[in-house]
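Descriptive structure summary
Residue-level listing of the chains:
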Amino acid sequence: MVVLPVRFERSPRLHPMLSEDAHPVGTRVVVQGKRGPEVAVVRGEAQERRPQERYGTVLRAATPDDLALWDDLHRQGEDLKWLLRARARERGLPVKLVAVEFTLDESLVTVSYSADERIELTGLIGEVRAHTRARVNFAAVGPREQAQMIGTLGACGRENCSSHHLQEFAPVSIRMARDQQLPLNPEKLSGPCGRLLCCLQFEHGQYLDLLKDLPRKNARVCHDASGACGKVTKLHPLAGTVDVHTEQGVLTGVPATELRRAPEEARPAPEKKPRRTEGARKDRTPDAPPS
């Protein structure tokens, strides 16, 4: 038995599956997953099995009949999705139907939906059962999962990371945007899902390494060539340069290797207040009581 990483249609995540045969990359196979038998694509070379790890199972290489049935079920799911969207609008349900997916044996149909609040969808079960005898499962998905399943274009003009190669959704914070010297504009920092861009997270480590070689923002530095000293106003981690504001003006694009830390100006030592001793407290006489 070997382990094959496979990918399902609506997600780039790789799932390890046990297989008796080492199917080549690109082979469409029938696998036994959590929901039931489905068609997936082999996306990696065969690996050795690791102990104490749970795996799905590759049942067989997909036959022409399997692929024809899978395509037909996909078309049925798309038609049913648009029907359910129309019925939801008629009922005034604040929900977005994202996908309708059948298992290969037609025993289960999963309706993925997105909603801003908890919503009751039992009224749509009858609409589904009017077209199939499969068991119905409603699955709520978040904004990032929705963008992953639908597939959109990112700000870079390429397919969004969540539906192309991202294996998991890691936490993303606004601090990552600050470290990458990006303008804190929510419209520019948000992806199609309305959340912070996933690429901020997996590029953050590289920016932290680059920032180690740069002075901190607002630090006072001196330029070796000109001798001008000033305050760092902007960092350019990818270029390895900074902008420095001096009394003579602004030095832009100065390499960090040409800068040194400015000598600190001597500050007068703060005056020390005399400490009250225990004896002074004892010698102090209380005020005379009023007559």
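Going by the structure above, here's the rest.
Below: a short report on this structure. (Residues numbered from 1 in each chain as written. Predicted model: local features only at pLDDT ≥ 70, side-chain atom pairs only at ≥ 80, totals over all residues. Heavy atoms only, no water.)

Describing the packing of aromatic side chains
Counting across every chain of the model gives one aromatic pair. Between the aromatic rings of Tyr113 and Phe138, the centroid separation amounts to 6.5 Å while the plane-to-plane angle is 70 degrees, which identifies the pairing as edge-to-face. Of the two residues, Tyr113 is situated in strand β7 (residues 108-114) and Phe138 in strand β8 (residues 135-140); the sequence distance between them amounts to 25 residues. For Phe138, a relative accessible area of 22% gives the class partly exposed. Against the face of Trp82 rests Arg85, its NZ or CZ located 4.6 Å from the ring centre. (Phe/Tyr/Trp six-rings, centres within 6.5 Å; stacked < 30°, edge-to-face > 60°. Helix = DSSP H or I, 4+ residues; strand = E, 2+ residues; numbered from the N terminus. Buried < 20%, exposed > 50% of the residue type's maximum accessible area, 1.4 Å probe, protein only. Lys NZ or Arg CZ within 6 Å of the ring centre and 35° of its normal.)

Concerning the state of the cysteines
In total, this model carries one disulfide according to the counting rule given. Each disulfide pairs two cysteine sulfurs, and for Cys222 the partner residue is Cys229, the sulfurs being separated by 1.9 Å. Taking the sign of the torsion about the S-S bond as the criterion, the disulfide between Cys222 and Cys229, at about 100 degrees, is right-handed. Looking at Cys222, the relative accessible area reads 1%, which means it is buried. (Disulfide = S-S within 2.5 Å.)

Thoughts on the sheet that holds strand β6 (residues 96-102)
The strands making up a sheet are joined through hydrogen bonds of the backbone, oriented either antiparallel or parallel. Here we have three strands laid out as an open sheet, ordered β6-β7-β8, and mixed in their pairing. Every other strand in the sheet has two partners, leaving β6 and β8 as the edge strands with one partner each. Averaged over all adjacent pairs, the angle separating strand axes in this sheet is 20 degrees, with direction ignored. For β7 and β8, the ladder comprises six bridges, and the chain directions are parallel. Along β8, the bridge assignment pairs Leu108 with Arg135. Lying over the sheet, helix α1 (residues 64-91) contacts β6 and β7, oriented at roughly 150 degrees with respect to β6. (Pairing = 2+ DSSP bridges. Axes fitted to C-alpha atoms, helices over the stretch in contact; angles between N-to-C directions. Contact = heavy atoms within 4.5 Å.)

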